[in-house]
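# Summary of structural features
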Amino acid sequence: MGYLNDKGVTYDYYESLAFQKMLKEKGIVQFLSLLKIFGKFQLHEHQFEHLSDPNVKQVETKMQLFWGDEFEGHVIKLYDDQKLALLNPNTSGLFQSLGEEHQKKLPFVILPEFGAWMIELTPNKPYQCMCYNFDQVLINMRKRIQTLQSYLPQGNQYVLIPVYPMLGVGRFTTTVESDLTASMIEKIRSQTSYIEGTPTLQQDEKQFQNEKLIQPATPYKELPVEPICNYFSQSIYFDDRIINPHPRYSTLAQNIRLRRGSKVEIKIPLFIDQNTNVEESEYEPNPGYITMDHMGFGMGNCALQTTYLSIDIDHARLLYDQLAILAPLFAALTAGSPIYKGKISNWDTKWDCLEMSVDCRSEKERNPQNANYIPKSRYSTISYFISNDKMNLEEYNDLNFPANEEIMKFTKEKAQEMDIKLDDKLLKHLGILFLRDNMVMFKDKIHIDDNTAHFEAIQSSNWNSVRFKPPPSYNSKIGWRVEFRTMEIQLTAEENAAWSIMILMIVRLFFTNYIPVNFYMPLSLVDENMRRSKEKGAILNKKFYFRTNFQEYGPATVEELTLQEIFFGKQDNTFIGIIGLIHQNRNVVNKQQCAQKEEQVYLKNKILQDEVIEFVRSKVNGTTKTLASWMRDFVTSHPNYNQDSIVTHEINFDLIKTLTAIKDRQKEDPHFPLIFSM
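Residues numbered from 1 in each chain as written. Predicted model: local features only at pLDDT ≥ 70, side-chain atom pairs only at ≥ 80, totals over all residues. Heavy atoms only, no water.

Going by the annotation in an unreviewed UniProt entry, the name recorded for the protein is Glutamate--cysteine ligase, with Paramecium octaurelia given as the source organism. Under the heading Sequence similarities (unreviewed entry), UniProt records this for the protein: "Belongs to the glutamate--cysteine ligase type 3 family." In its Catalytic activity (unreviewed entry) section, the UniProt record describing the protein reads: "L-cysteine + L-glutamate + ATP = gamma-L-glutamyl-L-cysteine + ADP + phosphate + H(+)". (UniProt positions renumbered as here; feature names shortened; annotations may be inferred.)

Spelled out as structure tokens, the structure:
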């Protein structure tokens, strides 16, 4: 999440108000500077009539087309004697023990995340080219997971599931080590601001622990529960001391709450079983819902994300739009989040939980009747198509989403002053991005503007379904990129590799001009698809809006189709589906792009892609379950489940134990196949 290079003392939201306008303008100038430097940058290997300006001379470069992935997992400690599986929030010790020099030698990068129990893994180098050695994705993912697991203390497991089922349920972590406690105290003492209802801390550590720790709400009164610190969040379930010690994260948790004017409120519909209790209580104040109140309930979850280097800025903008349309479909395809705070929900994905967990809109901004209404959280689907391609018709941008008019006026004037051509769509995109405030300001970085940090402060905290990414610095050797952000992390390396390759095969359709590919449809229907994607069993039971004339440039013909139809076509052959497009395009693309490679590489890739396609087929026809369906079925068929929607610690232990055995291939399960023959 975002950049972790900055350290130091941060402003609380009220203090930051004095600098918001200035830093937004600095951020805009930084983006415009990038646009001036890289606006005409193109990769010379490719030429697209509908993407390229014939009057612009191609820039010669040796850069290849790169792409990459990133995923997070939970570190969970298993206590076999007590039948407990608890999050281990002491991963800082792992980073310290490995050391920087050792980490540099690894074929991947180990990164911290919002939760102190979370670890993110990315390749240390992007995958080269769009066609060469697809098997490297699987090899790299396997290596990352196995190597990290070997570094963990005995009894700890690196588990790739989106949501830890017991997050927020009484005592759900191992003991928080003193270094984390001390680090949290140091951060709190560095805060000089007065937070309403919470006096500035001036006591020593003992007084802090006595006076600032509260007894959490818990459904398990018989279990020993330690008091929690809720200084930043004011949560009644979640201990702020298990937030990653980097100041970015606790500042986000605090400032989102302060800007909102109240704690975040996450409400997820409860799965109602025959013995489910829906009465109001301290633990569940909203009958019929699972209620949560901390940023960590969303940002403490794990995802699989992929990023693609584009040919030029126009190509990146087109790819951004097209992937945004596919984003809800891949959320449903990779669904893995049926349990929240120890209860079974009626949802299969975590997207809405994330939206609510960082919703910093004020009460007026959340009110549809108010003039200041903003329809979405800063974590959401995109709200505006940005490409100038002829496929993007004006009718598709039908959300009429508000934008920061003041910053748009400034941007337009500044672009003219800097002699930069800025079209209306890109201007509106910036206006929507900068509708949000900067949530993390470091006091010693306010007046530093010789890099892109002020732009990234806004960009990296607009957590949308896709992200349009400019080069990261003025002297960057990286071009324009697009990040795809809605896939849920899967249990095994094979599954994560398969979904990464599947979306890559679709992305590659937009790197050729042999056949037209056009997924455009009204953005309101994309949002409706996202609403449907989270529903229980959506992969099989829901229909989604999709463009069926996706090889034409005119207005969209949109139908409601199952995911099986969207990917594999209609039985009457009137619609070939996405896989049909891939088959049409694949052979000629592979042969052209891989002409200089060995024939065996081409054939190996073809076999691997076919295996991925068959894996997707097994998901959309129900032969193999989604992780969400599998977990729900495991709990409801557990001998200790009481048909009351509750996941006890013992059930959770058996669930994590079984998932770990499947992940390590110590236990076979037909719903987690090997997928690849290699």
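## Quick word on the overall build of the protein
Secondary structure summary: the protein contains 21 helices and 19 strands in total. Buried positions account for 63% of the 678 residues belonging to the protein. Counting only contacts in the protein whose residues sit at least 6 apart along the sequence, the fraction spanning at least 24 positions is 75%. As displayed, the protein has an accessible area near 26,500 Å², and 48% of this comes from carbon and sulfur atoms. (Helix = DSSP H or I, 4+ residues; strand = E, 2+ residues; numbered from the N terminus. Buried < 20%, exposed > 50% of the residue type's maximum accessible area, 1.4 Å probe, protein only. Contact = heavy atoms within 4.5 Å. Areas by Shrake-Rupley, 256 points an atom, 1.4 Å probe, with all protein chains shown as cover.)

## Focus on the confidence of the model for the protein
On average, residues of the protein score 88 in pLDDT, and 87% of them are at 70 or above. Low pLDDT (under 50) marks residues 45-63, which in the prediction has 40 contacts with non-local residues, meaning those over four places away or in another chain. Confidence drops under a pLDDT of 50 for residues 592-596, and excluding neighbours within four residues, the segment shows 10 contacts in the predicted structure. (pLDDT = per-residue confidence, 0-100.)

## A short note on the pattern of salt bridges
Between side chains of opposite charge, a pair can form when the charged atoms approach closely. Tallied over the entire structure, the rule returns 35 salt bridges. Among the salt bridges present, the one from aspartate 135 reaches lysine 604, with a minimum N-O distance of 3.3 Å. Separated by 469 residues along the polypeptide, aspartate 135 in helix H4 (residues 135-151) and lysine 604 in helix H19 (residues 599-620) bring together distant segments of the chain. The partly exposed category is assigned to lysine 604, whose relative accessible area is 34%. Here arginine 142 makes a salt bridge to glutamate 494, at a shortest N to O gap of 3.0 Å. Of this pair, arginine 142 sits in helix H4 while glutamate 494 sits in helix H14 (residues 493-507), placing them 352 residues apart in sequence. (Salt bridge = Lys/Arg side-chain N within 4 Å of Asp/Glu carboxyl O.)

## Notes on the packing of aromatic side chains
Enumeration over the complete set of coordinates arrives at 31 aromatic pairs. Here tyrosine 11 and phenylalanine 19 contribute two aromatic rings whose centre-to-centre distance is 5.0 Å and whose plane-to-plane angle is 25°, an arrangement assigned as stacked. A residue is classified by how much of its surface remains accessible, and tyrosine 11, at 14% relative accessible area, is buried. Residues tyrosine 320 and phenylalanine 468 carry aromatic rings whose centres are separated by 6.4 Å and whose planes lie at 75° to one another, so their mutual orientation is edge-to-face. Here tyrosine 320 is found in helix H9 (residues 313-333), whereas its partner phenylalanine 468 is found in strand S16 (residues 466-469), with 148 residues between them in sequence. In this structure, tyrosine 320 and phenylalanine 468 share a single accessibility class: buried. The structure contains a cluster of three or more aromatic residues connected by ring pairs, namely Trp117, Phe172, Tyr237, Phe238, Tyr283 and Phe297. Above the ring of tyrosine 553, the side-chain terminus of lysine 390 is found at 4.6 Å from the ring centroid. Stacked on the ring of tryptophan 347, the Lys or Arg lysine 534 has its end atom at 5.1 Å from the ring centre. (Phe/Tyr/Trp six-rings, centres within 6.5 Å; stacked < 30°, edge-to-face > 60°. Lys NZ or Arg CZ within 6 Å of the ring centre and 35° of its normal.)

## Notes on the packing of H4 against H14
In the contact formed by H4 and H14, the axes pass within 9 Å of each other and the chain directions differ by 145°. The two elements H4 and H14 meet at a crossing, and its hand is right-handed. Touching Val137, Leu138, Met141, Arg142 and Ile145 of H4 are Ala493, Glu494, Asn496, Ala497, Ser500 and Ile501, all from H14. Each residue belonging to the contact of H4 with H14 can be placed in one class, and the counts come to 7 nonpolar, 2 polar and 2 charged. (Axes fitted to C-alpha atoms, helices over the stretch in contact; angles between N-to-C directions. Left-handed = near helix turned anticlockwise from the far one by under 90°. Nonpolar A, V, L, I, M, F, W, Y, C, P; charged D, E, K, R; others polar.)

## With respect to the nonpolar core
Core analysis: the largest hydrophobic core is formed by 197 residues, its most contacted members being Phe330, Ile506, Phe519 and Phe567. Top contributing element to this core by residue count: H9, with 15 residues. With sequence-adjacent residues up to four places away left out, isoleucine 506 is seen in contact with Leu326, Phe330, Phe519, Phe567, Ile578 and Ile582. (Core = buried A, V, L, I, M, F, W, Y, C linked by side-chain atoms within 4.5 Å.)

## Quick look at the side chain of histidine 294
Secondary-structure assignment places histidine 294 in the loop between strand S10 (289-292) and helix H8 (296-299). Side chain to side chain, histidine 294 and serine 233 meet in a polar contact 3.4 Å long. Among the polar contacts made by the side chain of histidine 294, one reaches the main-chain amide nitrogen of glycine 296 at a distance of 2.7 Å. With sequence-adjacent residues up to four places away left out, histidine 294 is seen in contact with Phe114, Ser233, Ser235, Phe238, Asp240, Ile243, Val264, Ile266 and Ser357. (Polar contact = N/O pair within 3.5 Å; in protein donor to acceptor, adjacent residues only side chain to side chain.)

## Description of helix H3 (residues 92-104)
Relative to the 18 Å expected for 13 residues at 1.5 Å per residue, H3 spans 17 Å between its end C-alpha atoms, a close match to the ideal helical length. Along H3, the sharpest change in direction is near 70° and occurs at leucine 98. Along H3, the residues that are buried comprise Ser92, Leu94, Phe95, Leu98 and Gln103. (Expected span 1.5 Å × (residues − 1). Bend = angle between axes of the 7 residues up to and from the residue.)

## A word on the environment of leucine 318
Here leucine 318 lies in helix H9. The exposure class assigned to leucine 318 is buried, which follows from its relative accessible area of 2%. Separated by 68 residues in sequence, leucine 318 and isoleucine 386 place their C-alpha atoms 7.4 Å apart.

## Looking at unusual backbone geometry
Residue glutamine 234 is not a glycine yet carries a positive backbone phi of 60°. Position of glutamine 234 relative to the elements: it lies in the loop between strand S8 (228-229) and helix H7 (247-260). Judged by its relative accessible area of 28%, glutamine 234 is partly exposed. Even without glycine at this site, arginine 665 takes up a positive phi of about 60°.

## Structural notes on the pairing of strand S1 (residues 66-79)
With 12 of 14 residues buried, S1 is to be regarded as a mostly interior element. As paired strands, S1 and strand S5 (residues 127-128) are joined by 2 bridges and run antiparallel to one another. Across the sheet, residue phenylalanine 66 finds its bridge partner in S5, namely glutamine 128. As judged from the 5 bridges shared by S1 and strand S11 (residues 303-309), these two strands associate in the antiparallel manner. Looking at S11, one finds that glycine 68 is bridged to threonine 307. With 4 bridges joining them, S1 and strand S4 (residues 118-123) adopt antiparallel strand pairing. Opposite phenylalanine 71, over in S4, you have leucine 121 as the bridge partner. (Pairing = 2+ DSSP bridges.)

## Describing the packing of helix H11 (residues 405-417) against helix H12 (residues 424-433)
Geometrically, a packed helix pair is captured by the angle between its two axes and the distance between the axes. Between H11 and H12, whose axes approach to 9 Å, the crossing angle comes to 135°. In this view, H11 runs oblique relative to H12, as classed from their interaxial angle. For the crossing formed where H11 meets H12, the hand is right-handed. In this structure, H11 contributes Ile407, Met408, Thr411 and Lys412 to the contact, and H12 contributes Leu427, Lys428, Leu430 and Gly431. For the contact of H11 with H12, the class distribution of residues is 4 nonpolar, 2 polar and 2 charged. (Parallel < 35°, antiparallel > 145°, perpendicular 65-115°, else oblique.)

## Overview of H7
For H7, with 14 residues, the first-to-last C-alpha span of 20 Å sits near the 20 Å given by 1.5 Å per residue. The element H7 is extensively covered by neighbouring structure, given that 14 of its 14 residues are classed as buried. Trailing H7 by a residue or two, glycine 261 shows a phi angle of about 90°, which is positive.

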